[in-house]
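So the chains spell out like this:
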Amino acid sequence: MFASISPMRCLVALLPCFAAVAQETAAPTPAPEAEKKGTALRGEFSTRLDAQRSNRDSNVMLDQRFNFTIDPPAHEKLQLRGGLWLLEDLDGHESAGSSLSGLNNTFERSVQLRPLHLYLEIDDAWGDSTLRVGRQRILEGPAYSRIDGAYFHKQMNHWDWYAFAGARASLYDGGHDDLNAGAGVGLDLTPTTRFTLDSVYAEDDRRSSEAARAFLPRGVFGIRFPRETASDVDTRVISAALHQRLAESHYLHAQYTVTDGVSDEYLVSLSGVFVSHEIAYDLTLRRQEQTIGDRANDATGFYRVLGEQNEYTDASVTVQFPVSERLTLGLEGQIRETESDDPATANRDFQRYAVTLRADDLPHSVGVRASIEQWNVSGDEGTMAITGDVTKSWERWKLTAGADFER
């Protein structure tokens, strides 16, 4: 174990937002021809300055988001939705071993523009339905699917179905050679019970170079690695889920997932709010049935970052309740037991506990948050961290300053 003070972190968040902007004619009752020429634009723009400093490095990033919707007045069933993400590294690149270096620091470009989504949405193209064409995030299904393609959802009396297909739209690398497709159906068994069945097929056709795996020597145990190798990975995921409303503001969610024809994961979650006491809770039990190895990017389970994850059982609980009118206390606990607890694998046996105290609506629009978190990891690799920050809010601006100590 060692003791150190982690980087002082300062954050300046500038949140100017603009409301709906609509072009209207001056006449009280515009003619139909005038209405067709008008275009309604509404959206939100935010910019955030992130500044961090340690005794070795600094990191200053400007983070901007612009989300917009265009509603043509002459076409009530059409909408154009878009979202852009712009990042600027203002102080150069941190060293690869810096504690301040994150995913966005791994690119050589100081300015990075990423289209999060940009699609045309058409309502009621076929009865009660929705059609989307363009770059979009698929909210249904067991995989994280972002595609450049088409999505269609059809609502029936007591059931609905959807289907999508397109090329994988990655924010970090080119994935347009990869097909991503899926479909699902949902059935309302009762007014409080819903059953869903989802399937996803994802391709990952990639080429790994020696630079991408520079941590490997040119040869190990007499094996010579080629400078460039092709790798094609296809992943098929099927998920069945039951959604049950137990009472007002209390819900049960159970899900079973099969990956590439093999039982993969069980998940049961109980969540809700005791409205009279303003107590929110979440209880989750997860069982990973097979080792998570290399899969298609959208269903990888962070394999490329963490490596293989062996089978494990994970239980977590989160409770949040008010202490007073302005004070809120949060408690968290998590326990994970793995089938193979070894430093060479991605997952380890651990217990995690956290306490967070938040004060809101203090005088002068000030908010305060403090937390302490303890990780007990097998092999004496646990950590303890104490963090705190203070936020001052104005109508369109926020200023946050904070610090943390890690042992």
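This is a predicted model, so every value here is computed, not measured.

Engineer: How do you make sense of the overall build of the protein chain when you look at a structure like this?
Structural biologist: Scanning the protein chain from terminus to terminus reveals two helices and 23 strands. Every one of the 407 residues in the protein chain was classed for burial, and the buried ones make up 33%. Taking contacts inside the protein chain between residues at least 6 apart in sequence as the whole, the part at least 24 apart equals 47%. Total accessible area computed for the protein chain in this model is approximately 24,100 Å², and 58% of it derives from carbon and sulfur atoms.

Engineer: Mind showing me how you'd approach the packing of aromatic side chains here?
Structural biologist: Counted according to the given criterion, the structure contains nine aromatic pairs. Three or more aromatic residues joined by ring pairs make a cluster, and in this case those are Trp126, Phe152 and Trp161. In this arrangement the basic side chain of arginine 132 is found over the ring face of tyrosine 119, its NZ or CZ atom lying 5.5 Å from the centre. Of note, lysine 154 hangs over the ring of tryptophan 126, and the distance from its end group to the ring centre comes to 4.8 Å.

Engineer: Quick question: what am I supposed to make of the nonpolar core here?
Structural biologist: For soluble globular proteins, nonpolar side chains are generally found buried alongside one another. Membership of the largest hydrophobic core is limited to nine residues, which are Ile138, Ala143, Ile147, Tyr151, Tyr162, Phe164, Val200, Val237 and Ala299. When contributions to this core are tallied by element, the ones reaching two or more residues are strand 8 (145-155) and strand 9 (159-168). When neighbours within four sequence positions are excluded, isoleucine 138 is seen to be in contact with Arg132, Ser145, Ile147, Tyr151 and Phe164.

Engineer: Explain a nonpolar patch on the surface here, please?
Structural biologist: A cluster of nonpolar residues, Met156, Trp159, Val185, Leu187, Leu189, Phe195, Leu197, Ile238 and Leu242, forms a patch on the protein surface that exposes about 720 Å² of accessible area. Elements represented by at least two residues in the nonpolar patch include exactly strand 10 (179-190), strand 11 (193-209) and strand 14 (228-247). Top element by residues in the nonpolar patch is strand 10. It accounts for three residues. Here leucine 189 lies in strand 10.

Engineer: Just to check I follow, could you spell out the pattern of salt bridges for this structure?
Structural biologist: Any two side chains of opposite charge can pair, so long as their charged atoms come close to each other. For the structure on display, the rule yields 19 salt bridges. The salt bridge involving aspartate 178 is made with arginine 168; its shortest N-O contact spans 2.8 Å. Of the two residues, aspartate 178 sits in the loop between strand 9 and strand 10 while arginine 168 sits in strand 9, which places them ten residues apart along the sequence. You can call aspartate 178 buried: its relative accessible area is 2%. In this structure, the salt-bridge partner of arginine 287 is glutamate 339, at a minimum N-O distance of 3.3 Å. Of this pair, arginine 287 sits in strand 17 (residues 279-288) while glutamate 339 sits in the loop between strand 19 (327-338) and strand 20 (350-362), and the two are 52 residues apart along the sequence. On the accessibility criterion, arginine 287 (23% relative accessible area) is partly exposed. Salt bridges sharing common partners tie together Asp160, Asp188 and Arg194.

Engineer: Honestly, the environment of valine 377 in this entry has me stumped. Any pointers?
Structural biologist: Mapped onto the fold, valine 377 is located in strand 21 (residues 366-377). The sequence separation of valine 377 and arginine 336 amounts to 41 residues, and the corresponding C-alpha distance is 9.7 Å. Setting aside its immediate chain neighbours within four residues, valine 377 contacts Arg348, Asp349, Phe350 and Gly382.

Engineer: Honestly, the environment of aspartate 91 in this entry has me stumped. Any pointers?
Structural biologist: Summarising the element assignment, aspartate 91 is placed in the loop between strand 5 (78-89) and strand 6 (111-123). Separated by 31 residues in the primary sequence, aspartate 91 and valine 60 place their C-alpha atoms 5.8 Å from one another. Non-local contacts of aspartate 91, meaning those with residues more than four positions away in its chain, are made with Ser58, Asn59 and Val60.

Engineer: How should the pairing of strand 8 be read in this particular structure?
Structural biologist: Within a regular strand, the side chains alternate between the two sheet faces. Burial runs high along strand 8: eight of the eleven residues are buried. Counted along the chain from strand 7 (residues 129-138) to the antiparallel partner strand 8, the turn is six residues long, and its residue glycine 141 has a positive phi close to 95 degrees. Two elements, strand 8 and strand 9, share nine bridges in a ladder whose sense is antiparallel. Note that in strand 9 the partner of alanine 150 across the bridge is alanine 165. Connecting the antiparallel pair strand 8 and strand 9 is a turn made up of three residues.

Engineer: Explain the pairing of strand 16 (residues 262-274) here, please?
Structural biologist: Relative to strand 16, strand 15 (residues 250-259) runs antiparallel, the two being bridged by ten bridges. Directly across from alanine 254, in strand 16, lies its bridge partner valine 268. Where strand 15 folds back onto strand 16 in an antiparallel hairpin, the turn is made up of two residues, including aspartate 260, whose phi is positive at roughly 50 degrees. Pairing between strand 16 and strand 17: ten bridges, direction antiparallel. Its bridge partner lying in strand 17, phenylalanine 274 is registered against isoleucine 279.

Engineer: Just checking my understanding: could you explain the side chain of aspartate 314 for this structure?
Structural biologist: Secondary-structure assignment places aspartate 314 in strand 18 (residues 312-322). Among the residues examined, aspartate 314 registers a relative accessible area of 6% and is labelled buried. At 2.8 Å, the side chain of aspartate 314 and the side chain of glutamine 334 are in polar contact. Excluding residues within four positions of it along the chain, aspartate 314 makes contact with Thr284, Leu285, Arg286, Gln334, Ile335, Arg336 and Phe350.

Criteria and thresholds
- Residues numbered from 1 in each chain as written.
- Predicted model: local features only at pLDDT ≥ 70, side-chain atom pairs only at ≥ 80, totals over all residues.
- Heavy atoms only, no water.
- Helix = DSSP H or I, 4+ residues; strand = E, 2+ residues; numbered from the N terminus.
- Buried < 20%, exposed > 50% of the residue type's maximum accessible area, 1.4 Å probe, protein only.
- Contact = heavy atoms within 4.5 Å.
- Areas by Shrake-Rupley, 256 points an atom, 1.4 Å probe, with all protein chains shown as cover.
- Phe/Tyr/Trp six-rings, centres within 6.5 Å; stacked < 30°, edge-to-face > 60°.
- Lys NZ or Arg CZ within 6 Å of the ring centre and 35° of its normal.
- Core = buried A, V, L, I, M, F, W, Y, C linked by side-chain atoms within 4.5 Å.
- Patch = residues over 30% accessible without salt bridge, like charges linked within 9 Å, V, L, I, M, F, W, Y side chains within 5 Å.
- Salt bridge = Lys/Arg side-chain N within 4 Å of Asp/Glu carboxyl O.
- Pairing = 2+ DSSP bridges.
- Polar contact = N/O pair within 3.5 Å; in protein donor to acceptor, adjacent residues only side chain to side chain.

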